[in-house]
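# Summary of structural features
Now for the letters of each chain:
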Amino acid sequence: MNVKIAESWQPLLKDEFEKPYFKNLTDFVKNEYATNTCYPKGNQIFNAFNLCSFNDLKVVIIGQDPYHGEGQAHGFCFSVPEGVAHPPSLINIFKEIETDLHIPYPKSGNLERWAKQGVLLLNATLTVRAHQAGSHQKGGWEQFTDDVISLISDKKENVVFLLWGGFAKKKSVLIDHKKHCILTSGHPSPLSANRGYWFGNKHFSKTNNYLKNHKSNVISW
């Protein structure tokens, strides 16, 4: 597995990569990619860590697992590459930003621009088999990403964690509530959003207000 991450992550995760579970996870992922079509591409699996350095990190958004359609996943939760149609959850994210911050709906669904500003777009599971949602869950990724969340909570201060939906909300137990800001709401998927659990959460303005109050640069959403 090609572990390509920003230099500031390397000393923090070095021991993690040596643990027995991670070696088992590596074998699992290699076998899956050798025998099935899987996403994202192997060199994109750790994109979230490569573009968002630990030193710059100030916001964490937690997704469940990558998009499983062709050409969609590229290593960032909720994001799609340039030119790819926006999935329903991403559409609702952009609609909320539009009403919350009065920012025009963007043409591009590529959220690399957020990652470069210090937003870690972290899926709990970093790989998936094509057209099979959740197919790589319980293969070891969750232990890795839970340890990453705990590490951020322990080593950083004043990080905003955006936990959308029941799955993400469960990660709040890994976060020190006294040191960080945790914002929760329903998931941006149509099933949740259309029931009134997503729209109006104002998470994007709330995030920027918190960052501003703690002397940090705001995110250009």
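Just so it is clear, the structure is predicted and the values come from calculations on it, not from any experiment. (Residues numbered from 1 in each chain as written. Predicted model: local features only at pLDDT ≥ 70, side-chain atom pairs only at ≥ 80, totals over all residues. Heavy atoms only, no water.)

### Observations regarding the layout of surface pockets
- In this structure, the largest pocket encloses a volume near 430 Å³.
- As for the largest pocket, its lining consists of 27 residues, and the residues nearest its centre are Asp-65, Pro-66, Tyr-67, Phe-78 and Asn-123.
- Elements represented by at least two residues in the lining of the largest pocket include exactly α4 (88-101) and β3 (119-123).
- With three residues, β3 is the largest single contributor of residues to the lining of the largest pocket.
- Among the residues making up the lining of the largest pocket, the classes are represented as 15 nonpolar, eleven polar and one charged.
- By volume, the second largest pocket amounts to about 180 Å³.
- Lining the second largest pocket are Cys-38, Tyr-39, Pro-40, Lys-41, Gln-44, Glu-70, Gly-71, Gln-72, Ala-73, His-74 and Pro-81.
- Considered class by class, the residues forming the lining of the second largest pocket number five nonpolar, four polar and two charged. (1 Å grid on protein atoms, 1.4 Å probe; cavity = no way out; pocket = protein on both sides within 12 Å on 5 of 7 lines; lining within 4 Å. Points joined across faces, edges and corners; volume = space filled by probe spheres on them. Helix = DSSP H or I, 4+ residues; strand = E, 2+ residues; numbered from the N terminus. Nonpolar A, V, L, I, M, F, W, Y, C, P; charged D, E, K, R; others polar.)

### Quick notes on the packing of helix α1 (residues 10-18) against helix α2 (residues 20-35)
- Interaxial distance between α1 and α2 falls to 5 Å at its minimum, and their mutual angle equals 75°. Between α1 and α2, the interaxial angle falls into the category roughly perpendicular. From α1, Glu-16, Phe-17 and Glu-18 reach across to α2, where they touch Pro-20, Tyr-21, Phe-22 and Lys-23.
- Among the residues making up the contact of α1 with α2, the classes are represented as four nonpolar, no polar and three charged. (Axes fitted to C-alpha atoms, helices over the stretch in contact; angles between N-to-C directions. Parallel < 35°, antiparallel > 145°, perpendicular 65-115°, else oblique. Contact = heavy atoms within 4.5 Å.)

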